[in-house]
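# Residue-level structure breakdown
So you can see what is in the structure, the chains are spelled out below.
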Amino acid sequence: MTEANYSLILHHQPPIIVYEEDRRLYYDCLRAHDEEERIDPMVEFFVHCVEKTWTNTGIQ
């Protein structure tokens, strides 16, 4: 996650925050990538996190 946030910050975007209540989903997405080489769950998770971060911080 650190590398993703670094890249986002370099491109003037807010970092992705993984909230405690989303931690299990995050691990499930990582597992899907490790076991099945699927990237789509992680992409969807990142979109979810960005939307949630923007909503919680008031960024629009």
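As a convention, each chain's residues are numbered from 1 in the sequence order in which they are written. Whole-chain, interface and lining totals are the exception, using all residues; otherwise, since this is a predicted model, local features are given only for residues with pLDDT of at least 70 and side-chain atom pairs are given and counted only at 80 or more. Hydrogens and waters are ignored; side-chain quantities use all the structure's heavy atoms.

This part is about the side chain of Asp22. Helix numbering and strand numbering both begin at the N terminus, where a helix is a DSSP run of H or I of at least 4 residues and a strand a DSSP run of E of at least 2. Mapped onto the secondary structure, Asp22 falls in the loop between helix H1 (2–10) and helix H2 (23–36). The exposure class of Asp22 is buried, given its relative accessible area of 8%. In this description, contact between two residues means that some pair of their heavy atoms is separated by no more than 4.5 Å. Ignoring any residue separated from it by four or fewer positions in sequence, one finds Asp22 in contact with Phe45, His48 and Lys52. Three labels apply to residues, based on accessible area from a 1.4 Å probe with only protein chains included: buried if under 20% of the type maximum, exposed if over 50%, partly exposed otherwise in between.

Okay, a nonpolar patch on the surface next. Excluding any residue in a salt bridge, patches collect residues exceeding 30% relative accessible area, merging like charges within 9 Å and nonpolar Val, Leu, Ile, Met, Phe, Trp and Tyr side chains within 5 Å. Here the open area of atoms and residues is found with the Shrake-Rupley method and a 1.4 Å probe, where only the protein chains shown may cover a residue. A side-chain nitrogen of Lys or Arg and a carboxyl oxygen of Asp or Glu constitute a salt bridge if their distance falls within 4 Å. Residues Ile39, Val43 and Val47 make up a contiguous nonpolar surface patch of about 250 Å² in total accessible area. Of the residues examined, Val43 reaches a relative accessible area of 45% and is grouped as partly exposed.

A few words now on the packing of H2 against helix H3 (residues 40–57). Fitted lines through C-alpha atoms give the axes, limited to the stretch in contact for helices. The angle between two N-to-C directions lies from 0 to 180 degrees. Between H2 and H3, the shortest axis-to-axis distance is 8 Å and the interhelical angle comes to 155°. Judged by the angle between their axes, H2 and H3 are roughly antiparallel. Crossing angle aside, the handedness with which H2 passes H3 is left-handed. In this structure, H2 uses Leu25, Tyr26, Cys29, Leu30 and Ala32 to contact H3, whose residues at the interface are Pro41, Met42 and Phe45. When residue character is reported, Ala, Val, Leu, Ile, Met, Phe, Trp, Tyr, Cys and Pro are called nonpolar, Asp, Glu, Lys and Arg charged, and the others, Gly included, polar. Class assignment for the residues of the contact of H2 with H3 results in eight nonpolar, no polar and no charged. Angle categories: roughly parallel below 35 degrees, roughly antiparallel above 145, roughly perpendicular from 65 to 115, and oblique for all the rest. Crossings are assigned a handedness: left-handed for a near helix turned anticlockwise from the far helix by less than a right angle, right-handed for a clockwise turn.

Moving on, we come to the environment of Val47. Checked against the element boundaries, Val47 lands in helix H3. Along the backbone, Val47 and Ile16 are 31 residues apart, and their C-alpha atoms lie at a distance of 9.1 Å.

A few words now on unusual backbone geometry. Although it is not a glycine, His12 sits at a positive phi angle of roughly 60°. Here His12 shows up in the loop between H1 and H2. A residue is classified by how much of its surface remains accessible, and His12, at 74% relative accessible area, is exposed. If you check the backbone angles, Glu37 has positive phi at about 55° while not being a glycine.

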